[in-house]
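Coordinate inspection notes
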Amino acid sequence: MVIKMKAIETALSLTQAYKLGIERFEKMLGDEFSKAIELMNKTNEHIIICGMGKSGLVGRKISSTLASTGTPSIFLHPAEAIHGDLGKVQKKSIVLLISYSGETEEIIALIPALKRLNVTIVALTGVKDSTLASKANIILDTSVDREACPLNLAPTTSTMITMVLGDALAVSLMELKNFKQEDFALTHPGGSLGKRLLSSVRDEMKQTNLPFIYHDAGVQDVLVKMTEGRLGLALVGTKEILNGVITDGDIRRALIDKSNFSQLKAEDLMNKNPLTALETDNLQLAENRMREAKVQCLIVKNKINEVVGVIQIFE
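As a starting point, this report considers the structure included with it. Numbering of residues starts from 1 in every chain and runs along the sequence as written. Predicted model: local features are reported for residues with pLDDT of at least 70 only, side-chain atom pairs are reported and counted for 80 or more only, and whole-chain, interface and lining totals are derived from all residues. No hydrogens and no water enter the side-chain calculation; it runs on all heavy atoms of the structure.

Another aspect to go through is the sheet that holds strand E11 (residues 307–312). Note on sheets: strands pair through backbone hydrogen bonds, and any given pair is parallel or antiparallel. One open sheet holds the 3 strands; their spatial order is E9-E10-E11, and the pairing between them is mixed. Edge positions in the sheet fall to strand E9 (276–278) and E11, since each has one partner strand and no second. With direction set aside, neighbouring strand axes in the sheet form an average angle of 35°. Strand pairing is assigned whenever DSSP detects at least two bridges linking the two strands. Segments assigned H or I by DSSP are reported as helices when at least four residues long, segments assigned E as strands when at least two residues long, and all are numbered from the N terminus. Taken together, the 3 bridges between E9 and strand E10 (residues 297–301) define a ladder with parallel strand orientation. Counted as the bridge partner of Thr-276 is Ile-299 from E10. In this analysis, axes come from line fits to C-alpha atoms, helices being fitted only over the stretch in contact, and the angle between any two N-to-C directions falls in the range 0 to 180 degrees.

Laid out in structure tokens, this is it:
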């Protein structure tokens, strides 16, 4: 119990340090941040991110986030850069150098070569009078009052602030570039969102053995057809002319409201105005429409208004 309480107390002290760090960061946002965004938005080159150790790990994340949200970026390891990988940097590129102290040896060693390439150096540092800051064109302040580490040594609050700054850069650039869901999908084709955004209703719809039934069919026949179709619905009419749709919900409501349930016909149970989608519609948009309407299926039609399938979501 003592260990549990101590662990929670320590965790809460960390979150408090992070809250104070965010508040400090908000106050530091200003002209330098805006200038960095303006230059990064205008460049036609990849944004180069460079950092060593923990700063390198954060740098990789920043580079990855930029690249996946519409701003091409490359992470450059400083030790590898001075042994040939500097060739990844083009003249007049924008290079973000990350070093909290501003004195990281491998980072400082890169600066003369970067200056010869006439790049714009953006320093992400916590020390404004450091060597890195003095050589940079733009300084983005990542200073913190104190690390969350009890010894005030391990990079904790400072790495969090650098990560937040990187995300702020990426999100600001997304806004300027009018980066949309469809653009996100193109860089995330393997993810579930990407697949939905790149897929059409046709790709996911059920299109074989659709449960069609005539309008004058009895309740028992309707239930049999719904069971056979395994879609929780029956389509009243034909492929060419759809009269309506009967769902599980329609059956339940009729059981409660209709005293003559066993004598009802399909036409008595059906919804005459079911929601539909075109087979060429975007899958994500179709799913959003179902959620907004609070339904779990759409009847899919082709361009000549024939029923060709059913698309469903289950949540």
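Okay, the layout of surface pockets next. Within this scheme a cavity is a closed region of a 1 Å grid, computed over the protein atoms alone, that accommodates a 1.4 Å probe without allowing it to escape, whereas a pocket is open but has protein on both sides within 12 Å along at least five of seven lines; lining residues each have an atom within 4 Å of a point. Grid points are joined across faces, edges and corners, and a volume is the space filled by probe spheres set on the points. Size it by volume and the largest pocket reaches roughly 490 Å³. Taken together, the elements giving at least two residues each to the lining of the largest pocket come down to strand E8 (242–247), helix H12 (248–257) and E10. Looking at the lining of the largest pocket element by element, the count peaks at 5 residues for H12. Split by residue class, the lining of the largest pocket holds 9 nonpolar, 6 polar and 6 charged. Approximately 230 Å³ is the volume found for the second largest pocket. In terms of lining residues, the second largest pocket is bounded by 16 residues, among which Met-52, Ser-55, Ser-99, Tyr-100 and Ser-101 are the most central. Of all the elements in the fold, those that place two or more residues in the lining of the second largest pocket are helix H3 (54–68) and helix H7 (157–177). Residue polarity follows a fixed list, in which Ala, Val, Leu, Ile, Met, Phe, Trp, Tyr, Cys and Pro are nonpolar, Asp, Glu, Lys and Arg are charged, and the others, Gly among them, are polar.

Moving on, we come to the pairing of strand E3 (residues 94–98). Per-residue accessibility, obtained with a 1.4 Å probe over protein chains only, is compared with the maximum for each type, and a residue is labelled buried under 20%, exposed over 50%, and partly exposed between these values. Of all 5 residues that make up E3, 5 are buried, and the element is covered over most of its length. With burial as the criterion, each face of E3 is covered, one bearing Ile-94, Leu-96 and Ile-98 and the other bearing Val-95 and Leu-97. Judged from the 5 bridges that link them, E3 and strand E4 (residues 120–125) form a sheet pairing that is parallel. In the sheet register, Leu-97 faces E4, and the bridge partner there is Ala-123. Handedness of a crossover is defined as follows: with both strands directed away from the viewer, a clockwise route from the first strand across the helix to the second makes it right-handed. Between the parallel pair E3 and E4, the chain is carried across by helix H5 (residues 105–116), and the sense of this crossover is right-handed.

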